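Remarks on the overall topology
Next come the chains, spelled out residue by residue.
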Amino acid sequence: MDDKLETTSANAETANPFSTVPIEITVSVGKARPLIRDLLKLGKDAVLPLDKNVDDPVELYVGDRLIARGQLEELEGDQRGQLAVRLTEVADFQDGLA
């Protein structure tokens, strides 16, 4: 039965040429709203506060469409130090993200 599922999945991927086209997902960790006078003073080592806390969920977008939310994580092993996102909510594309 597993072979049949794998074959069906493989057929679906080859039947739709768009299934192998990569897309770019933007991960938003927050926004900053400095005054222009403060922005003009920024230089190396300046700190720009965001409207989010470290533990707040990040938002994932394709273009301007919110597709998911998640938590930032650090990968382990050979990829230690690389950031990743663990999805906690995924959009229902008919009803949108709750």
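The present account deals with the structure reproduced in this document.

Each value, and the rule that gives it
Chains are numbered independently. Their residues run from 1 in the order of the written sequence. Totals for whole chains, interfaces and linings use all residues, but because this is a predicted model, local features are given only for residues with pLDDT of at least 70 and pairs of side-chain atoms are given and counted only at 80 or more. Excluding hydrogens and water, the side-chain values take into account all heavy atoms of the structure. Counting from the N terminus, the helices are DSSP H or I runs at least four residues long and the strands are E runs at least two residues long. Remark: exposure states derive from per-residue accessible area (1.4 Å probe, protein chains only) relative to the maximum for the residue type, with buried under 20%, exposed over 50%, and partly exposed in between. Note on definitions: a residue-residue contact is assigned when non-hydrogen atoms from the two residues lie within 4.5 Å. Note on areas: these come from Shrake-Rupley sampling with a 1.4 Å probe, and a residue is covered only by the protein chains present in the view. Salt bridge, as used here: a side-chain nitrogen of Lys or Arg that lies within 4 Å of a carboxyl oxygen of Asp or Glu. Here the rule is simple: two strands pair whenever DSSP picks up at least two bridges between them. A fitted line through C-alpha atoms serves as each axis, taken over the contacting stretch for helices, and the angle formed by two N-to-C directions is quoted from 0 to 180°. The patches described consist of residues with a relative accessible area above 30% and no salt bridge, like charges being joined within 9 Å and nonpolar side chains (Val, Leu, Ile, Met, Phe, Trp, Tyr) within 5 Å. Residues adjacent in sequence count toward polar contacts only when both atoms are side-chain atoms; beyond that, a polar contact is any pair of N or O atoms within 3.5 Å, and within protein one must be able to donate a hydrogen and the other to accept it.

Things to note about the overall build of the chain
Within the chain, the secondary structure is distributed over 2 helices and 4 strands. Going from the N terminus to the C terminus, the chain shows its helices and strands as α-β-α-β-β-β. Counting the 98 residues in the chain, one finds 8% classified as buried. Counting only contacts in the chain whose residues sit at least 6 apart along the sequence, the fraction spanning at least 24 positions is 32%. Summed over all atoms, the accessible surface of the chain reaches about 8600 Å², with 54% contributed by carbon and sulfur.

Here we look at the pattern of salt bridges
In the structure shown here, the tally under the stated rule is 5 salt bridges. In this structure, the salt-bridge partner of Arg69 is Glu59, at a minimum N-O distance of 3.6 Å. With Arg69 in strand 3 (residues 65-74) and Glu59 in strand 2 (residues 58-62), the pair connects residues that are 10 residues apart, well separated along the chain. Taking the relative accessible area as the measure of exposure, Arg69 reaches 18% and is therefore buried. A relative accessible area of 18% means that Glu59 is categorised as buried. Overlapping salt bridges bring together Glu59, Arg69 and Glu89 as one network.

Quick look at the sheet that holds strand 3
Read from one edge of the open sheet, 4 strands run 1-2-3-4, paired in antiparallel fashion. For this open sheet the edge positions go to strand 1 (26-28) and strand 4 (83-90), each flanked by a neighbour on one side alone. On average, adjacent strands in this sheet sit at an angle of 40° to one another, irrespective of strand direction. Pairing of strand 2 with strand 3, which is carried by 5 bridges, proceeds in the antiparallel orientation. Counterpart to Glu59 in the pairing with strand 3 is Arg69.

Focus on a nonpolar patch on the surface
A surface patch of nonpolar side chains, amounting to about 610 Å² of accessible area, comprises Ile23, Ile25, Val27, Val29, Leu50, Leu72 and Leu83. With respect to the element layout, Ile25 can be found in the loop between helix 1 (2-15) and strand 1. You can call Ile25 partly exposed: its relative accessible area is 41%.

A few points about the environment of Pro34
For Pro34, the position within the fold is in the loop between strand 1 and helix 2 (36-40). With sequence-adjacent residues up to four places away left out, Pro34 is seen in contact with Leu39 and Leu48.

Concerning the side chain of Glu59
In terms of polar contacts, Glu59 uses its side chain to reach the side chain of Tyr61, at 2.8 Å. Setting aside anything within four residues of it in sequence, one finds Glu59 in contact with Thr26, Val27, Ser28, Leu66, Ala68 and Arg69.

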